[in-house]
Amino acid sequence: MIAKSDGKRGLRFAFISLHGLIRMREPELGRDADTGGQVKYVLELAAELGRRPEVEQVDVITRQIIDERVGPDYAQVEEPIGENSRIVRIPFGPKRYLKKEALWPYVDLFVDQAVTYFRRNGLPDVIHGHYADAGYAGAQLARLLHVPYVFTGHSLGRVKRERLTHGDADPQSLEKKYRFRQRIEAEELSLETASLVVASTHQEIEDQYQRYDHYAPERMEVIPPGVDLDLFRPAEPNEDFTEIRAALAPFLREPEKPIIMAMARPDERKNLGMLFRVYGESPDLQRLANLVVVMGTREDLRKFPRAQREALLEALTLIDVYDLYGKVAYPKGVNPTMGGSLFRLAAESRGMFVNPALTEPFGLTLLEAAGSGLPIVATHDGGPRDIVANCRNGVLIDPHDAGAIERAILRGLTEPDQWQEWADSGLAGARKHYSWAAHVDRYLREITETFERWQTPVLAEGGRPARRPEFERLLIADLDNTLAGDDPALHDLSEMINSSSDVGFGIVTGRRLDDARRIMKDLDLPTPDVLLTSAGTELYYGTKLTRDESWQKQMGFQWKPDEIYAALDEIQGLYRQPEAEQSKFKISYTADPEIAPKLARLRKILREKGLRVKLVLSLGIYLDAIPQRAGTGLALRHLLYKWGFSPEHVLVAGDSGNDEEMLKGRTLGVVVGNHGPELNRLKKMPRIYFAEGKHARGILEGIEYYGFMNAIRIPNDLA
Ligand code: GLC
Ligand code: MG
């Protein structure tokens, strides 16, 4: 156990949660579709974890947003959460607020920013990524820094895509709107990298994670989140309900009646329209109770995003159609404290809480109801199953079955003994199964087990400080087809490099060292300060070509070359490259594009065999299989980390698939005019310049474009 008591320092956690609006002071939960349960989950988990004696620090790392539409709080660089826990905001991409689907092109910029942050503040002991976007970033960081990785999906792309394609929406426009391909690939990478996947319910593992290639139930644990039991507690004898009563007063004719309560973001999936219909068509319900629905915190509903506005308008329309004036309240501006008070008021009125969602991944509000002593009627789809099984605090219903919903609510309203039994066992169950304290006990146990299987990260092994080079800038270029291919242009470039003492030079290649050296000699290239060979698996420095042993040290993690050869040998249209092209951590084939399966399919085949490997395709025909922890991008970042070198002073040029990884991020990317088709997808990314010029001519053009030899500027930094 790593604890302060044995003289060691405590554990440091880096939680990464990138989208939405995260702040500790009055979190604006429900303000938009990206600011909901996840934000709450992350903050509450961080707060409880920070309280533990064995924990030294919990950083919740999110995006810094500078945008007057959302206010100045999200621009603060740091904000305390509690004891030993804080929010850290790191800028990346545009300053303005972006919805989560629009963040994808910038996530690699975040990875580089986070590397800089960790270098300054020390490496964390655990990285925990939340949701696909941060999942991707966290996985990259964990691979680079060799830190154990924990992933929580919160909700999953495959599940959402399936649900939406059941409707009649056209797959292409869904893709455009939700970016499923990117999201699902990020989730696969997260699952592949994670030593521990934290799920909230059994259904999440069995029905949801199960749909992924990297499904690995042995690494997945159900650890239900806690509910804030200080905020969601039963009413005290003289509880003061003035504020919440005042918020309901304008709506209700007979405010003392029992309250049927619902609380959800206005969102089609939450199926609130169903509840209005059930209530509107039931004279019994209308006679016995009022309906109080909290639909997010809203200021001006005209400024709402369209989907939410539509869901809200549907609710308002139904109130009018069924003429429910005086019986239905939909107060606005209910903050978390008032929300807690509303649960208690509803419990005091002997009302019921209803969640009719079409699907509910977890159902935090149901636990808040349980913690307040308010029985529930909840959808049978998703998390509520576990909740009702643990707490026995109400009834599960089919969200499409209006009759069943009505009967369940009526039962609570008309059978006082039943109501009391639900209320009591909900109170007990919430405390037993759903406190953050219980969650963190489990969480720390699981983490400790993970540690037992882990070695010290290479970059954390103090000792010899990496010698910082003399130069201020670094030009890194791929060899074949980037540097090579146009002799006069290469000559100009070589002269430029040789004559500028403050610019370092690096060469990257898919070839092996011996082969690369031969070509470098043939081309009369300047002596490189850095040489990265065998597709990002070997790293050498200086004139003596000293090998970076630390880069190779943990590369063999989960690397099973024999099995990879066996799997790829079987595939039609793949031919092993000559023995001279194979090396310890690089397995290379040539693919016949007419016959061989597509890259995505190849990945799937290997994943299904349980092989964890990175597959890289270059120029449509060269296929390299390398370890997860290898690759040109990670190798470059390893180097920058050791040197403490700023990515903005590094120009990276390439032409094909094995260069893709190192082109992404905060470095200055240049893709030469003669590039392979696989790099076209980088056109949407910031900081990648597509030169017209081919080969070295394209590099020269990129140098010019960024003013790399003079005052660096970044014209394509999309802000
Ligand atoms: C070089 C290597 C080859 C590799 C390709 C892509 O051509 O010689 O083995 O597959 O680069 O990285
Ligand atoms: Mg090349």
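Note: the structure precedes this text.
Presented here is a report on the structure given in the accompanying data block. (Residues numbered from 1 in each chain as written. Chains lettered and ligands numbered in written order. Predicted model: local features only at pLDDT ≥ 70, side-chain atom pairs only at ≥ 80, totals over all residues. Heavy atoms only, no water.)

### Looking at the overall build of the protein
- Helices and strands together make up the secondary structure of the protein, namely 26 helices and 26 strands.
- On the principal axes, the C-alpha backbone points of the protein span a range of 90 × 60 × 50 Å.
- Expressed as a percentage of its 719 residues, the buried residues of the protein come to 61%.
- Taking contacts inside the protein between residues at least 6 apart in sequence as the whole, the part at least 24 apart equals 70%. (Helix = DSSP H or I, 4+ residues; strand = E, 2+ residues; numbered from the N terminus. Buried < 20%, exposed > 50% of the residue type's maximum accessible area, 1.4 Å probe, protein only. Contact = heavy atoms within 4.5 Å.)

### Regarding unusual backbone geometry
- The backbone phi angle of His154 is positive, close to 65°, even though this residue is not glycine.
- Among the structural elements, His154 can be located in the loop between strand E6 (149-152) and helix H4 (157-166).

### Here's the deal with a positive patch on the surface
- Taken together, the side chains of Lys99, Lys176, Lys177, Arg179, Arg181, Arg306 and Lys684 present a region of like positive charge at the surface.
- Following the sequence through the fold, Arg179 ends up in the loop between helix H5 (171-178) and helix H6 (180-193).
- A relative accessible area of 32% places Arg179 in the partly exposed class. (Patch = residues over 30% accessible without salt bridge, like charges linked within 9 Å, V, L, I, M, F, W, Y side chains within 5 Å. Areas by Shrake-Rupley, 256 points an atom, 1.4 Å probe, with all protein chains shown as cover. Salt bridge = Lys/Arg side-chain N within 4 Å of Asp/Glu carboxyl O. Lys, Arg positive; Asp, Glu negative; His and termini not counted. Charge placed at Lys NZ, Arg CZ, Asp CG, Glu CD.)

### A closer look at the coordination of the magnesium ion (ligand 2)
- Summarising the metal site, the magnesium ion (ligand 2) is bound by the protein donors Asp478 (OD), Asp480 (O) and Asp655 (OD), whose distances to it range over 2.2 to 2.4 Å.
- One chain supplies every donor to the magnesium ion (ligand 2), and in sequence these donors are spaced D-x1-D-x174-D. One end of the pair, Asp480, is in helix H18 (residues 479-483); the other, Asp655, is in the loop between strand E24 (650-654) and helix H25 (657-663), and 175 residues separate them in sequence.
- Residue class for Asp480 comes out partly exposed when judged on its relative accessible area of 26%.
- Judged by relative accessible area, Asp655 falls into the buried class, the value being 1%. (Donors = N, O, S within 2.8 Å, 3.2 Å for Na, K, Ca; no water.)

### Concerning the environment of Gly373
- Among the secondary structure elements, Gly373 is positioned in the loop between helix H13 (364-372) and strand E13 (376-379).
- Along the backbone, Gly373 and Trp559 are 186 residues apart, and their C-alpha atoms lie at a distance of 53 Å.
- Once residues lying within four places of it in the same chain are set aside, the contact partners of Gly373 are Ala347, Trp419, Ala423 and Leu427.

### Some words on the pairing of strand E18 (residues 538-541)
- Because side chains alternate across E18, one face comprises the buried residues Glu538 and Tyr540, and the other comprises Leu539 and Tyr541, equally buried.
- Sheet analysis places strand E17 (residues 530-533) next to E18, joined by four bridges and oriented antiparallel. Paired with Val530 across the two strands is Tyr541, which belongs to E18.
- With two bridges connecting them, E18 and strand E19 (residues 546-547) associate as antiparallel partners. Bridging across to E19, Tyr540 finds its partner in Arg547.
- Between E18 and E19, which pair antiparallel in sequence order, lie four residues; one of them, Gly542, sits at a positive phi of approximately 65°. (Pairing = 2+ DSSP bridges.)

### A short note on the site of ligand 1
- Around ligand 1 sit Gly510, Arg511, Gln577, Glu581, Lys586, Ser588, Ser618, Tyr622, Asp624 and Asn658, and those are all the residues in its vicinity.
- In the model, an oxygen atom of ligand 1 is placed 2.5 Å from a nitrogen or oxygen of the Gln577 side chain.
- With respect to ligand 1, the side chain of Lys586 contributes an N or O atom lying 2.9 Å from an oxygen atom.
- Considering ligand 1 on its own, with 310 Å² of exposed area, one finds that the protein chains cover 91% of that surface.
- Here the residues of the shell around ligand 1 are counted per class, giving one nonpolar, five polar and four charged. (Near = heavy atom within 4 Å. Polar contact = N/O pair within 3.5 Å; in protein donor to acceptor, adjacent residues only side chain to side chain. Nonpolar A, V, L, I, M, F, W, Y, C, P; charged D, E, K, R; others polar.)

### Here we look at the sheet that holds E24
- Reading across from one edge, E19-E18-E17-E16-E15-E24-E25-E26 is the order of the eight strands in this open sheet, with mixed pairing throughout. The sheet is open, and its two edges are formed by E19 and strand E26 (688-690), each paired on a single side.
- One ladder, built from three bridges, connects strand E16 (residues 503-508) with E17; its direction is parallel. The residue of E17 that forms the bridge with Gly506 is Val530.
- Strands strand E15 (473-478), E16, E17, E18 and E24 of the sheet are contacted by helix H24 (residues 632-643), whose axis makes an angle of about 40° with E18. (Axes fitted to C-alpha atoms, helices over the stretch in contact; angles between N-to-C directions.)

### Description of the packing of aromatic side chains
- The full count for this structure, using the stated rule, is 18 aromatic pairs.
- Both rings, one in Phe471 and one in Trp643, keep their centres 5.9 Å apart while their planes meet at 75°; by these two values the pair is edge-to-face. Of the two residues, Phe471 sits in the loop between helix H17 (436-452) and E15 while Trp643 sits in helix H24, which places them 172 residues apart along the sequence.
- Accessibility expressed as a relative area gives 8% for Phe471, which makes it buried.
- The exposure class assigned to Trp643 is buried, which follows from its relative accessible area of 9%.
- Between Tyr705 and Tyr706 the ring centres are 4.9 Å apart and the planes differ by 85°, which places this aromatic pair in the edge-to-face class.
- One Lys or Arg, Arg63, reaches over the ring of Phe92 and ends 5.5 Å from the middle of that ring.
- Here the basic side chain of Arg119 rests over the ring of Tyr641, its NZ or CZ set 5.8 Å away from the ring centre. (Phe/Tyr/Trp six-rings, centres within 6.5 Å; stacked < 30°, edge-to-face > 60°. Lys NZ or Arg CZ within 6 Å of the ring centre and 35° of its normal.)

### Observations regarding the sheet that holds strand E11 (residues 328-329)
- Read across the open sheet, the six strands follow the order E11-E10-E9-E12-E13-E14; overall the sheet is parallel. If you trace the sheet from one side to the other, it starts and ends with E11 and strand E14 (394-397), each paired once.
- Of the strands in this sheet, E13 and E14 touch helix H14 (residues 384-391), which is tilted by about 155° from E14.

### What to know about the packing of helix H15 (residues 402-414) against helix H16 (residues 416-433)
- Remark: H15 packs on H16, axes separated minimally by 5 Å, with the N-to-C direction vectors making an angle of 100°. Taken together, H15 and H16 sit at an angle that is classed as roughly perpendicular. Here H15 contributes Arg411, Gly412 and Thr414 to the contact with H16, which in turn contributes Pro416, Gln418, Trp419 and Trp422.
- Its residues placed into classes, the contact of H15 with H16 shows three nonpolar, three polar and one charged. (Parallel < 35°, antiparallel > 145°, perpendicular 65-115°, else oblique.)

### Some thoughts on the packing of helix H9 (residues 272-280) against helix H11 (residues 306-321)
- In the contact formed by H9 and H11, the axes pass within 9 Å of each other and the chain directions differ by 5°. In terms of orientation, H9 lies roughly parallel with respect to H11. Across the interface between the two elements, Gly273, Phe276 and Arg277 of H9 pack against Glu314, Ala315, Leu318 and Ile319 of H11.
- Partitioning the contact of H9 with H11 into residue classes produces four nonpolar, one polar and two charged.

### Focus: the nonpolar core
- Ranked by internal contacts, the top residues of the largest apolar core, which has 104 residues, are Phe110, Phe118 and Leu141.
- Every residue in contact with Leu141, bar those within four places of it in the chain, is listed here: Ile16, Phe110, Val111, Ala114, Val115, Phe118, Ile127 and His146. (Core = buried A, V, L, I, M, F, W, Y, C linked by side-chain atoms within 4.5 Å.)

### With respect to the pattern of salt bridges
- Counted under the stated rule, the structure contains 50 salt bridges.
- In this structure, Glu648 engages Arg666 in a salt bridge whose closest nitrogen and oxygen atoms are separated by 3.1 Å. Note that Glu648 is positioned in the loop between H24 and E24 and Arg666 in the loop between H25 and strand E25 (668-671), a separation of 18 residues in sequence.
- Judged by its relative accessible area of 23%, Glu648 falls in the partly exposed class.
- Note on Arg666: relative accessible area 13%, which makes it buried.
- Taken together, the shared-partner salt bridges in this structure form one network comprising Arg158, Glu185, Glu188, Asp213, Lys604, Arg607 and Glu608.

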